[in-house]
Amino acid sequence: MNLSTSFIIVLSTFSIIAKAENDPPKKKKRGSYLLELPASLNTSTDSAKTISFSQDAAAFKPTIQVGAIVHMFASGEQSGFNTPSNDKSSNDWNKGFSVYRARVLVGGQLTKKASFFMETEIPSPIGIQSNGEKNVKVSPIILDAQLEYTFSNAFELVAGMQLVSNNRNGLQGAAGLMANDFTYFQYPYNLFANSPLQGNFGRDLGVNARGFLANDKLEYRLGIFTGRNVDGGAPLRTVARVAYNFLDAEKDYYYAGTKLGKGKTLAWAVGVDAQANYYNYSTDAFFDYPLGNAGSITANAAFQYMSGGTATDSKYSFATLIPKQTVQFLELGYYFKKSKLQPWIRYENQDVSADVAQAGTVKLSSFDKSKSSSVMGGGLNYFFNGTGTNLRLSYTTRTYNVATATADEYTKKTYGQLWLQAQFFIF
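## Comments concerning the overall build of the chain
Of regular secondary structure, the chain possesses three helices and 18 strands. By sequence separation, contacts in the chain at least 24 residues apart represent 62% of the contacts at least 6 residues apart. Just so you have it, the chain exposes about 19,600 Å², and 61% of that area is on carbon and sulfur atoms.

Below is the structure:
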């Protein structure tokens, strides 16, 4: 199937969906223009201040909203956490203070059906880096820049630089995380410009269709993005996701990682991410529910199977960039509503099982071991002002297979990371 045929099928499908449900778009909740925070978590009654710039009081009034999110932390991290080694120095602890995220968010309603969202970010932490150097001056970058047009509840288009993933954790907002940070393996090939998919912190440029059916229980997303751009002639990247909510509907563009007891959610989804001979199939489940009088439980699980394929005769091949692998992920927490405390644990595992064509000249068993690793950690969150201002204490370990002095032999090495992170989100 060629590209033009694909476009015709996609556009025809969109047209049918748009005609099937032609209700006018519902008014967004306050604070929902700043997509980092799911609207379901916004409990503010006066923080979502808007600025009107219409002279005709009877006419539609466009609005704009401005906010900021900052993550800063004190940390201790072993040198081998990101660069594993058998050297004794890899067990040394790097200590310091950093500003990890510093984002300015702008969003608003342009017309009755059109809205926009834009945010900046610092491309690297300010403070102590993993290599021990101190970074004190960082120029911000554009992280998101997207335009959303809602034709109906069943069909809307989002165009521009936007968060792209086929799994839930990759579509969560930084302000609504449960753990101290995003997972390590949920979208590892789409983070930076030098990553195989040439992303921008999980973002990509393209057009994404989204809508809700079956009384808002069924959500679909289907997007076409630039992906890896070798010479302008590469196939486009296609990302699709279908999610079903068995309890409360979820209509946030950025998902919540935990809902702090607000609502009842049981969602299951499947997704695909593909470009040229790369493909990534995923499934995930999310459960957030009041459990007992004390508070609510949050559980998030995912499984992915991905590969860059085995064909190496094309300049658009991903075979040597993304080996065949599976990824498992589990996150579990409990929020105590009276004390506003939330303990949590997380486990992730990346199991590489490459084909010969993907390993090149490296022995296959050695390639698989050197590329596989796992993460385990836990922490305690204090949401003394909900998602607006909170503290997160976490300890995370990362385990690698590290080569020994004996050829083709590996030993497991585990390195630790300790964070005390403060978040403030003004919206």
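## Things to note about a nonpolar patch on the surface
There is a patch of nonpolar side chains on the surface, built from V242, Y244, F246, L247, L266, W268, V270 and F287 and spanning about 650 Å² of accessible area. Every element with two or more residues in the nonpolar patch is listed here: β10 (237–245) and β11 (265–275). The element that contributes the greatest number of residues to the nonpolar patch is β11, accounting for three residues. Secondary-structure assignment places W268 in strand β11.

## Considering unusual backbone geometry
Phi angles above zero are rare outside glycine, and Q198 is one such case at about 50°. Relative to the helices and strands, Q198 is located in the loop between β7 (155–163) and β8 (203–213). For Q198, a relative accessible area of 28% corresponds to the partly exposed category. Positive phi is not limited to glycine here, since A276 has a value of about 50°.

## Thoughts on the pairing of strand β14 (residues 325–336)
Pairing analysis gives 12 bridges linking strand β13 (residues 295–307) to β14, with the strands arranged antiparallel. Counted as the bridge partner of A299 is L332 from β14. Both β14 and strand β15 (residues 341–352) contribute to a ladder of 10 bridges, which runs antiparallel. Residue pairing for β15: T326 is matched across the bridge by D351. Here β14 folds back onto β15, and the loop between the two strands holds four residues, one of which, K340, carries a positive phi near 65°.

## So, the environment of G309
Here G309 lies in the loop between β13 and β14. For the pair G309 and A357, spaced 48 residues apart in sequence, the C-alpha to C-alpha distance is 8.7 Å. Excluding its chain neighbours within four sequence positions, the residues that come into contact with G309 are N277, A319 and Q358.

## Quick look at the confidence of the model for the chain
Per-residue confidence for the chain gives a mean pLDDT of 88, with 87% of residues at or over 70. Segment residues 1–11 is flagged for pLDDT under 50; beyond a separation of four residues in sequence, or across chains, it makes six contacts in the model. Residue range residues 45–55 is modelled with pLDDT below 50. Its contacts to residues more than four positions away, or to other chains, number 23 contacts.

## A short note on the pattern of salt bridges
Taken as a whole, this structure holds 21 salt bridges when the rule is applied. Across the pair D181 and R101 runs a salt bridge, and its minimum N-O distance is 2.6 Å. Residue D181 is located in the loop between β7 and β8, and its partner R101 is located in strand β2 (residues 93–109); the two are separated by 80 residues in the primary sequence. Of the charged contacts in the structure, one is a salt bridge between E119 and R203, with a shortest N-O distance of 3.4 Å. Taken as a pair, E119 in strand β3 (residues 114–121) and R203 in strand β8 lie far apart in primary sequence, 84 residues in all. The same class applies to E119 and to R203, which are both buried. Bridged by salt links that share partners, the residues E36, R103, E119, E121, D144 and R203 form one connected network.

## Thoughts on the pairing of β8
Counting buried residues along β8, eight of its 11 residues qualify, which places the element largely inside the surrounding structure. As paired strands, β7 and β8 are joined by eight bridges and run antiparallel to one another. Bridge pairing links G160 to G206 in β8. Relative to strand β9 (residues 218–225), β8 runs antiparallel, the two being bridged by eight bridges. Counterpart to G211 in the pairing with β9 is Y220. Two successive antiparallel strands, β8 and β9, enclose a turn made up of four residues, where A214 displays a positive phi of approximately 55°.

## Looking at helix α3 (residues 364–371)
Burial in α3 covers these residues: S366, F367 and D368. Looking at the buried residues of α3, the elements they touch are β15, α2 (356–359) and β18 (410–426).

## Quick word on the packing of aromatic side chains
Inspection of the entire model under this criterion finds 19 aromatic pairs. On the numbers, 5.7 Å between centres and 10° between planes, the contact of F287 with Y289 is stacked. In this structure Y289 comes out as partly exposed when scored by relative accessible area, which is 28%. Ring-pair connections join several aromatic residues into one group, and the members of that group are F73, Y100 and W419. The cationic tip of R221 hangs over the ring face of Y253; the distance from NZ or CZ to the ring centre is 4.9 Å. The ring of F212 carries the charged tip of K251 above its face, separated from the ring centre by 4.9 Å.

## Digging into the environment of F185
Inspection of the secondary structure assignment puts F185 in the loop between β7 and β8. Spatially, the C-alpha atoms of F185 and V375 are 9.5 Å apart, while their sequence positions differ by 190 residues. With sequence-adjacent residues up to four places away left out, F185 is seen in contact with Q304, M306, V327, E348, N349, Q350, S373, S374, V375 and R398.

## A short note on the nonpolar core
By size, the foremost hydrophobic cluster in this structure holds 21 residues, and its most contacted members are I69, L105, Y254 and F425. If near-sequence neighbours (up to four positions away) are discounted, L105 is found in contact with L34, E36, Q65, V66, G67, A68, I69, F117, M118, E119 and F425. Of all hydrophobic cores here, the second largest spans nine residues; its members include Y189, F318, I322 and V375.

Definitions and limits used
Residues numbered from 1 in each chain as written. Predicted model: local features only at pLDDT ≥ 70, side-chain atom pairs only at ≥ 80, totals over all residues. Heavy atoms only, no water. Helix = DSSP H or I, 4+ residues; strand = E, 2+ residues; numbered from the N terminus. Contact = heavy atoms within 4.5 Å. Areas by Shrake-Rupley, 256 points an atom, 1.4 Å probe, with all protein chains shown as cover. Patch = residues over 30% accessible without salt bridge, like charges linked within 9 Å, V, L, I, M, F, W, Y side chains within 5 Å. Salt bridge = Lys/Arg side-chain N within 4 Å of Asp/Glu carboxyl O. Buried < 20%, exposed > 50% of the residue type's maximum accessible area, 1.4 Å probe, protein only. Pairing = 2+ DSSP bridges. pLDDT = per-residue confidence, 0-100. Phe/Tyr/Trp six-rings, centres within 6.5 Å; stacked < 30°, edge-to-face > 60°. Lys NZ or Arg CZ within 6 Å of the ring centre and 35° of its normal. Core = buried A, V, L, I, M, F, W, Y, C linked by side-chain atoms within 4.5 Å.

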